[in-house]
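Architecture at a glance
Single-letter residue listing:
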Amino acid sequence: MRAVALIVGRELGAYFRGWSGWIIAAGILMLQGVLFNVFALGDNEKLSSKVLQDFFYFSMGMTLVASVLLSMRLIAEERHDGTMVLLLTSPATDWQITLGKWMSAWIFVLLILAASFYMPLMVAVNGSVHPGHVFAGYLGLALVGAAATALGTFTSSMTSSQVVSVVLGGILAALTCVMWLFSRVASPPLDELLAYLDFYYRHFQDFREGTIHTRSVVFYSSVTFFFLLLTQKVLGARRWR
Amino acid sequence: MIEVDGLTKYYGDIRAISDLSFSIERGQIAGFLGLNGAGKSTALKVLAGFLLPTSGTVRVDGVDVVAAPDKVRRRIGYLPEEPPLYKEMTVSAFLTWLGKLRGMSGSEVVARLPSVLERTGLSQHGDRVIGTLSLGYRKRVGIAQAIIHDPTLVILDEPVSGLDPLQRVEMRKLVRGLGGDHTVLISSHNLLEVEETCDLLLMLGDGQLVAQGSEDEIHARIGTGASFEIDVRGDVTAAVTALTALPGIAEAKVTRAGGEGAPSEVTVHLAGDDPATEIESAVSALVGGGFGVSRVETATGELEDLFLKLAGTQEGEA
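Residues numbered from 1 in each chain as written. Chains lettered and ligands numbered in written order. Predicted model: local features only at pLDDT ≥ 70, side-chain atom pairs only at ≥ 80, totals over all residues.

Topic: the overall build of chain B
Selection rule: What counts as a helix is a DSSP run of H or I of at least four residues, what counts as a strand is a run of E of at least two, and both are numbered from the N terminus. Partly exposed residues are those falling between the two cut-offs: more than 12 but fewer than 20 other C-beta atoms within 10 Å of their own, whereas 20 or more means buried and 12 or fewer means exposed, with C-beta atoms placed from the backbone. Throughout, a residue-residue contact means that the two C-beta atoms, derived from backbone geometry, are no farther apart than 7 Å.
When helices and strands are counted, chain B shows eleven helices and 14 strands. Overall, chain B is about 80 × 40 × 30 Å in size when its C-alpha atoms are taken along their principal axes. Counting across all 318 residues of chain B, residues that qualify as buried make up 44%. Relative to all contacts within chain B whose residues are 6 or more apart in sequence, the contacts with residues 24 or more apart total 67%.

Regarding the overall build of chain A
As a reminder, the rule being used: Within these notes, the globule rule equals 2.2 Å times the number of residues to the 0.38 power, and the radius of gyration is based on C-alpha atoms.
In terms of regular secondary structure, chain A is built from 13 helices and zero strands. Listing each helix as α and each strand as β along chain A from the N terminus yields α-α-α-α-α-α-α-α-α-α-α-α-α. Relative to the globule expectation of 18 Å for 241 residues, the C-alpha radius of gyration of chain A, 19 Å, shows essentially globular dimensions. Within chain A, counting contacts between residues at least 6 apart in sequence, those at least 24 apart form 79% of the total.

Quick notes on the nonpolar core
Quick reminder of the rule: In plain words, the nonpolar core is the set of buried Ala, Val, Leu, Ile, Met, Phe, Trp, Tyr and Cys residues that C-beta atoms within 7 Å link up.
Formed by 133 residues in total, the largest nonpolar core has its most connected members in Val144(A), Ile155(B) and Leu185(B). In this view, Ile155(B) contacts Leu44(B), Leu47(B), Ala48(B), Ile76(B), Gly77(B), Tyr78(B) and Leu185(B); residues no more than four positions away in its chain are not counted. Residues Val232(B), Ala239(B), Ala252(B) and Ala282(B) belong to the second largest nonpolar core, which totals 15 residues.

Focus on the interface of chain A and chain B
Let me state the cut-off plainly: Under this grouping Gly is polar, as are all residues other than the nonpolar Ala, Val, Leu, Ile, Met, Phe, Trp, Tyr, Cys and Pro and the charged Asp, Glu, Lys and Arg.
Contact with chain A, which involves 19 residues of that partner, is made by 23 residues of chain B. Among the elements of the structure, α1 (2–17), α5 (84–88) and α13 (214–240) of chain A are those that each provide at least two residues to the side of chain A that touches chain B. In terms of residue count, α1(A) provides more of the side of chain A that touches chain B than any other element does, five residues in total. Residue composition of the side of chain A that touches chain B, by class: nine nonpolar, six polar and four charged.

A short note on the domain arrangement of chain B
Test applied: How far each domain reaches was decided by an automatic or database domain assignment.
Considered domain by domain, chain B is made up of domain 1 (2–221) and domain 2 (226–300). The distance between the C-alpha centroids of domain 1 of chain B and domain 2 of chain B comes to 42 Å.

Considering the sheet that holds strand β7 (residues 153–157) of chain B
Residues and elements named next belong to chain B. To keep things clear, this is the line we draw: Here, a strand pair is defined by DSSP locating no fewer than two bridges between the strands. For every element, the axis is a line fit to its C-alpha atoms; helices are fit only across the contacting stretch, and the angle between N-to-C directions ranges from 0 to 180 degrees.
With mixed pairing, the six strands of this open sheet are ordered in space as β6-β7-β8-β3-β9-β10. Edge positions in the open sheet fall to β6 (76–79) and β10 (208–213), since each of these has one partner strand only. Averaged over neighbouring strand pairs, the angle between their axes works out to 15° when direction is ignored. Sitting on the sheet, helix α1 (residues 40–47) is in contact with β3 (29–34), β7, β8 (183–188) and β9 (200–205), with an inclination near 155° to β8. Running over the sheet, helix α5 (residues 135–147) touches β6 and β7 and is turned about 165° from β6.

Quick notes on the environment of Pro80(B)
With respect to the helices and strands, Pro80(B) occurs in the loop between β6 and α3 (91–101). It is 9.8 Å that separates the C-alpha atoms of Pro80(B) and Ala146(B), two residues lying 66 residues apart in sequence.

With respect to the confidence of the model for chain B
If pLDDT is low for a region, its predicted coordinates should not be looked at in detail. Residues and elements named next belong to chain B. To keep things clear, this is the line we draw: Summary of the metric used: pLDDT quantifies the predictor's per-residue confidence within the range 0 to 100.
With 91% of its residues at a pLDDT of 70 or more, chain B shows a mean pLDDT of 85. Taken element by element, the predicted model of chain B shows its lowest mean pLDDT in helix α11 (residues 303–317) (56) and its highest in α3 (95). Quick note on the complex model: pTM equals 0.81, ipTM equals 0.87.

Digging into helix α4 (residues 106–119) of chain B
All names here are of chain B. Short version of the rule: Given the number of residues in a helix, its expected span is that number minus one, multiplied by 1.5 Å. The seven residues ending at a residue and the seven starting there each receive a fitted axis; the angle between those axes is the bend at that residue.
Along its 14 residues, α4 runs 20 Å from first to last C-alpha, staying within 8% of the 20 Å computed at 1.5 Å per residue. The sharpest bend along α4 comes to roughly 35°, located at Arg112, with the proline Pro114 sitting one to four residues further on. Listing the buried residues of α4 in full gives Val109, Leu113, Val116 and Leu117. Taken from the residues just after α4, Gly121 is the one with a positive phi, measuring 70°.

Some details on unusual backbone geometry
Residue Pro189(A) is bonded to the preceding Pro188(A) through a cis peptide linkage, with omega at 0°. When you line up the elements, Pro189(A) lands in the loop between α10 (179–185) and α11 (190–197). At Asp19(B), a residue that is not glycine, the phi angle is positive and equals roughly 55°. Looking at where Asp19(B) falls in the secondary structure, it is placed in strand β2 (residues 14–24). Of note, the phi angle at Asp206(B) is positive, near 50°, even though the residue is not glycine. On the secondary structure map, Asp206(B) appears in the loop between β9 and β10.

Here's the deal with the pairing of β10(B)
Regular strands show a simple pattern: their side chains alternate between the two faces of the sheet. Residues and elements named next belong to chain B. Pairing of β9 with β10 involves five bridges; the strand directions are antiparallel. Across the sheet, the residue bridging to Leu202 is Gln212, located in β10. Hairpin connection, β9 to β10: the antiparallel pair is bridged by two residues, and Asp206 has positive phi, about 50°.

Observations regarding the sheet that holds strand β4 (residues 55–60) of chain B
Through backbone hydrogen bonds, the strands of a sheet pair up, either in parallel or in antiparallel fashion. Residues and elements named next belong to chain B. Spatially, β2-β1-β4-β5 is the arrangement adopted by the four strands of the open sheet, whose pairing is antiparallel. Single-partner strands in this sheet number two, and they are β2 and β5 (63–64). Judged from the five bridges that link them, strand β1 (residues 2–11) and β4 form a sheet pairing that is antiparallel. From the neighbouring strand, Ile2 faces β4, where its bridge partner is Val60. Across the sheet, α1 is in contact with β1, β2 and β4; its angle to β2 comes to roughly 60°.

Here is the structure:
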């Protein structure tokens, strides 16, 4: 675990020392604030729980975008700059490298989510909010962030271009949100499978409404593990190329 | 001790290195010498654990690079041709981080860092951000990262490439100083570079080891690689026969046939280790034999010549 912690520490340092982490965090938080003000609060009176649901709805989209943007550089940048050799010739295993890279992006996403907490807090101050609803919503966002950063880590391992990485990641992330559309035109049993793979309707909807279902926790965890495993295999395969 | 046995690496269908076998004693400085594309960098990447071999074994202190990669990587420091550096970090922070990643405790790194900085001439630059350093100093940081964890084997791929003459001299001195404490393996396509720095030469040609041994051993086998051109007037075939009969002449061939009354150019490859004496003997033999000699031009031992000769030797032995 020491190697994972060292990689996480360096990567987080790179986010904070460079401009990209700050720009992405600022951009996401600004958009989230605007969306909260315009759509979640709106002009008409709403129940606090409805405001929270709207907040978590667009926050999920923002989390996906932040995750893909933050993870695009993880491995692609190292390959482009020729620094991947430092990790690959160290005693750290491919799995530790993968975990360290992913975890750093995920922690940064969690920090952005933490910085957005003032919005539900405002709702709580001015209305009535059940803490469980807030907890469920943020747990859902954290799980979406974990899965999306794992997806981004994988696309970053496929190329030495951050642009290609973010485009691939963006396409895959967008697909995860429109699987329900494909499920409508597919025949059984494929329709059920596609619907299950949808990030929003089948899984995040419950978190948004304040409910935690084990099946959704398992789903996001499985997606995270699946993409991390793919990343580890890509790193391993490159040693044999 | 480094033991390499039957090392082969393919990139898809392309064979990069084939059946390399050699060993390097602890504390020796060995040099991979070869033309561009000879497979030097690939061999070093495999030895560093960056790439896995298609077949064959590499053992560092008896530990196999494929069977126990993490244990072997702990014992290896590797500097590719382009130094891999996190440019946003300071020199000290970078080296400390790498030392820990390679298995050192925090206190071990703190204790070792000053000596590594001093050895690589970076004592005054520990707090500098790497991105602000010149290429020469970046190379030094590259060597520092390769030795920060006190590895058994230090692998340096073209450590002097891109440096100016003064930096080259300093870098050679630095590499030379690594011997004894570490086993060092460097690569170069410059014969003089390797001769000045290394105890053991490993000559690669087309992915295969074409010669290995000390500088003296290789010269005893193939000569210095020196050659000279000479313009000869008269029966050039007889002149070539006279030259090849002399001791210390490996080969003589007509490289430009002369016309009516014009001299022919003959290129002579020397096999001995005293080019000046051999050239004098050759000229004396030709003049004594009644041939006209109008121009003699010497050439130093070109790597290409050496490899051509070695390739010829290999074919002859096969």
